[in-house]
Amino acid sequence: DAGVIQSPRHEVTEMGQEVTLRCKPISGHDYLFWYRQTMMRGLELLIYFNNNVPIDDSGMPEDRFSAKMPNASFSTLKIQPSEPRDSAVYFCASRENRGEAETQYFGPGTRLLVL
Amino acid sequence: AQSVTQLDSQVPVFEEAPVELRCNYSSSVSVYLFWYVQYPNQGLQLLLKYLSGSTLVKGINGFEAEFNKSQTSFHLRKPSVHISDTAEYFCAVTSFGGFKTIFGAGTRLFVKA
């Protein structure tokens, strides 16, 4: 398996623009997580899905952020409108549904810079 | 609720020296414990995890960690580090019956020649 795939790897945009980050989880994994990593706040869980259904979105910072998982092999995280404080590395991770102790597999991340 | 505290934000060490990265956690329920490593410009990958049984857990790249329930700690150790171990290390917990993993703030290990 190719692992978790994220695109784009880097994104530079201007304040106010819409940003869409994409993730393809490992085939057969039932859980998908979106994280944001910054120097100030570390690694934060934004939202996670089980079987394509959002389970907990309490980490989504505000209404400008939305996430979808239309099928088992694809998820998007959208920021509209983007702001400079959204600049961060966004990670997608997936895991199997064999119990709470299952390992999460992380993608390489999308480095977002909002000017 | 759970929380994870990594006691050192940065640890500089010379090559071939031993290293210990400290992690304490807080939880009202039993937890599973993990250490992940993040190399520059990469995502996190699992080093090791504690589920149950022996409190000493061995992971990849010669790392090991010891679970201490009374001190609620899960410190990571390596007897002799290499330059290639330079990375950021994250301690994490998942509660029994839960699916959210709480990560610590990370410890940046810098191995010097």
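Every value quoted in this text rests on a predicted model; they were computed, and no experiment measured them.

1. Some points on the overall build of chain B
Within chain B one finds zero helices and 12 strands. Element order for chain B, N to C, with α for helix and β for strand: β-β-β-β-β-β-β-β-β-β-β-β. Along the longest, intermediate and shortest principal axes, the C-alpha atoms of chain B span 45 × 30 × 20 Å. Burial statistics for chain B: of 113 residues in total, 45% are counted as buried. Residue pairs in contact within chain B that sit at least 24 positions apart in sequence constitute 56% of those at least 6 positions apart. Carbon and sulfur atoms make up 52% of the accessible area of chain B, which totals about 5400 Å². Of the side chains in chain B, 9 bear a positive and 8 a negative charge, and the two mean positions are spaced by 8 Å.

2. Considering the overall build of chain A
Along chain A, the regular secondary structure elements total zero helices and 11 strands. When its helices and strands are written in sequence order, chain A yields β-β-β-β-β-β-β-β-β-β-β. With respect to the three principal axes, the spread of C-alpha positions in chain A is 40 × 30 × 25 Å. Of all 115 residues assigned to chain A, the portion counted as buried reaches 51%. Relative to all contacts within chain A whose residues are 6 or more apart in sequence, the contacts with residues 24 or more apart total 54%. For chain A, the exposed area adds up to about 5600 Å²; of that, 48% sits on carbon and sulfur atoms. In chain A, the 12 positive side-chain charges and the 15 negative ones have mean positions that sit 4 Å from each other.

3. Here's the deal with the interface of chain B and chain A
Taken together, the contacts link 21 residues of chain B with 23 residues of chain A. For the interface between chain B and chain A, the tally reads one salt bridge. Between Asp56 of chain A and Lys100 of chain B there is a salt bridge, with the nearest N and O atoms lying 3.1 Å from each other. There are six residue pairs in polar contact (both at pLDDT 80 or more) connecting chain B and chain A. Partitioning the side of chain B that touches chain A into residue classes produces 10 nonpolar, nine polar and two charged.

4. Quick notes on a nonpolar patch on the surface
Taken together, the side chains of Val12, Leu113 and Leu115 of chain A define a hydrophobic patch exposed on the protein surface, amounting to about 290 Å² of accessible area. By secondary structure assignment, the location of Leu115 of chain A is in the segment after strand E11 (110-114).

5. Description of the state of the cysteines
All names here are of chain B. This model, assessed by the stated rule, comprises two disulfides over all chains. Across the disulfide, Cys23 is cross-linked to Cys91 (sulfur-sulfur distance 2.0 Å). Since a negative S-S torsion denotes a left-handed disulfide, the Cys23-Cys91 link at about -70 degrees is left-handed. Of the two residues, Cys23 sits in strand E4 (residues 23-26) while Cys91 sits in strand E10 (residues 87-95), which places them 68 residues apart along the sequence.

6. Concerning the sheet that holds strand E1 (residues 5-7) of chain A
All names here are of chain A. With antiparallel pairing, four strands are arranged side by side in an open sheet as E1-E3-E8-E7. In the strand order of this sheet, the two ends are held by E1 and strand E7 (65-71), each with one partner. Neighbouring strand axes in the sheet, compared pairwise and without regard to direction, differ in orientation by 15 degrees on average.

7. A few points about the side chain of His29 of chain A
All names here are of chain A. Among the secondary structure elements, His29 is positioned in the loop between strand E3 (19-24) and strand E4 (31-38). A polar side-chain atom of His29 sits 2.8 Å from a polar atom in the side chain of Ser94. Within polar-contact distance, the side chain of His29 engages the backbone nitrogen of Arg95 at 3.2 Å. If we ignore the near neighbours within four places in the chain, the residues touching His29 are Ser94, Arg95, Glu96 and Tyr105.

8. Some thoughts on the pattern of salt bridges
Counted according to the given criterion, the structure contains 15 salt bridges over all chains. A salt bridge links Lys78 of chain A to Glu18 of chain A, with the shortest nitrogen-to-oxygen separation between them at 3.9 Å. Of this pair, Lys78 of chain A sits in strand E8 (residues 74-79) while Glu18 of chain A sits in the loop between strand E2 (10-13) and E3; the two residues are 60 residues apart in sequence, bridging distant segments of the chain. Using a relative accessible area of 29% as the deciding quantity, one classes Lys78 of chain A as partly exposed. Between Lys78 of chain B and Asp85 of chain B there is a salt bridge, with the nearest N and O atoms lying 2.8 Å from each other. Given the relative accessible area of 7%, Lys78 of chain B is considered buried. The structure contains a network of salt bridges with shared partners spanning Glu62, Arg64, Glu83, Arg85 and Asp86 of chain A.

Definitions and limits used
- Residues numbered from 1 in each chain as written.
- Chains lettered and ligands numbered in written order.
- Predicted model: local features only at pLDDT ≥ 70, side-chain atom pairs only at ≥ 80, totals over all residues.
- Heavy atoms only, no water.
- Helix = DSSP H or I, 4+ residues; strand = E, 2+ residues; numbered from the N terminus.
- Buried < 20%, exposed > 50% of the residue type's maximum accessible area, 1.4 Å probe, protein only.
- Contact = heavy atoms within 4.5 Å.
- Areas by Shrake-Rupley, 256 points an atom, 1.4 Å probe, with all protein chains shown as cover.
- Lys, Arg positive; Asp, Glu negative; His and termini not counted.
- Charge placed at Lys NZ, Arg CZ, Asp CG, Glu CD.
- Salt bridge = Lys/Arg side-chain N within 4 Å of Asp/Glu carboxyl O.
- Polar contact = N/O pair within 3.5 Å; in protein donor to acceptor, adjacent residues only side chain to side chain.
- Nonpolar A, V, L, I, M, F, W, Y, C, P; charged D, E, K, R; others polar.
- Patch = residues over 30% accessible without salt bridge, like charges linked within 9 Å, V, L, I, M, F, W, Y side chains within 5 Å.
- Disulfide = S-S within 2.5 Å.
- Pairing = 2+ DSSP bridges.
- Axes fitted to C-alpha atoms, helices over the stretch in contact; angles between N-to-C directions.

Everything listed here is a matter of coordinates, which is why it stays silent on function.
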